[in-house]
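Residue-level listing of the chains:
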Amino acid sequence: MTEKTRAVLHSSQKDDWGTPQWLFQVLHVQYRFTLDLCASAENALLPRFCTQVQSARVCNGGTLQPLDWTQERFFANPPYGRQWPKILASIPQGAQGVFLLPSRTGSRWFHKMINDASWLVFFKGRLKFRGAITSAPFDSVLFGYSVPRPKGVEGKFIDLLH
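These numbers were taken from a predicted model, which means no experiment stands behind them. (Residues numbered from 1 in each chain as written. Predicted model: local features only at pLDDT ≥ 70, side-chain atom pairs only at ≥ 80, totals over all residues. Heavy atoms only, no water.)

## Quick word on the packing of aromatic side chains
Note the cut-off: Pairing of aromatic rings covers Phe, Tyr and Trp, the last through its six-membered ring, and needs centres within 6.5 Å; plane angles under 30 degrees mean stacked, over 60 mean edge-to-face, and all others mean tilted. What counts as a helix is a DSSP run of H or I of at least four residues, what counts as a strand is a run of E of at least two, and both are numbered from the N terminus. Exposure classes here rest on a 1.4 Å probe applied to the protein chains alone. A residue is buried below 20% of its type maximum, exposed above 50%, and partly exposed in between.
Counting across every chain of the model gives ten aromatic pairs. Aromatic pair F99 and Y145: ring centres 5.9 Å apart, planes at 80 degrees, arrangement edge-to-face. Here the residue F99 occupies a position in strand β3 (residues 96–102), and Y145 occupies one in strand β5 (residues 140–145), the gap between them amounting to 46 residues. This pair shows no difference in class: F99 is buried, exactly as Y145 is. Geometrically, the ring pair formed by F110 and F122 is tilted, given 6.2 Å between the ring centres and 35 degrees between the ring planes.

Rendered as structure tokens:
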């Protein structure tokens, strides 16, 4: 990919987008998340969270402790830069949770996630992320891992897979 193409595809000046509160609430009611996988102390949606600089396998509410993935149900809205595929790679097979990500259907990571996910849903329209004045300059998608499809969001999603 050329630098010019990359600049267009990743034209935003930021890579951390605060999850819309309505979206997190709808998902949290159904899934009862136990861990915000990609957060900071300032934007964590749950009391237990992992920061961007910590390994997803050794964080727990900001302190370094091993995670028992059989007891976790995660939500992840990672920074949309190049570092987040490392977060995905650190999550063991069978872990339960939901990723909120940009819809970059032409990228390798997107196709890997399609193969690994239990389901995915695209949003109708673009999300207005928390703290943003306008909608995002990109489309978004939810990927579910070992959890049932979301309910109660009719009209907001387009359900396409699995």
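## What about the pattern of salt bridges?
Going by this rule: The term salt bridge refers to a pairing of a side-chain nitrogen on Lys or Arg with a carboxyl oxygen on Asp or Glu at a separation within 4 Å.
Overall, the coordinates contain three salt bridges when judged by the stated rule. Here R48 makes a salt bridge to E72, at a shortest N to O gap of 2.9 Å. Of the two residues, R48 is situated in the loop between β1 (35–36) and β2 (73–76) and E72 in the loop between β1 and β2; the sequence distance between them amounts to 24 residues. A residue is classified by how much of its surface remains accessible, and R48, at 24% relative accessible area, is partly exposed.

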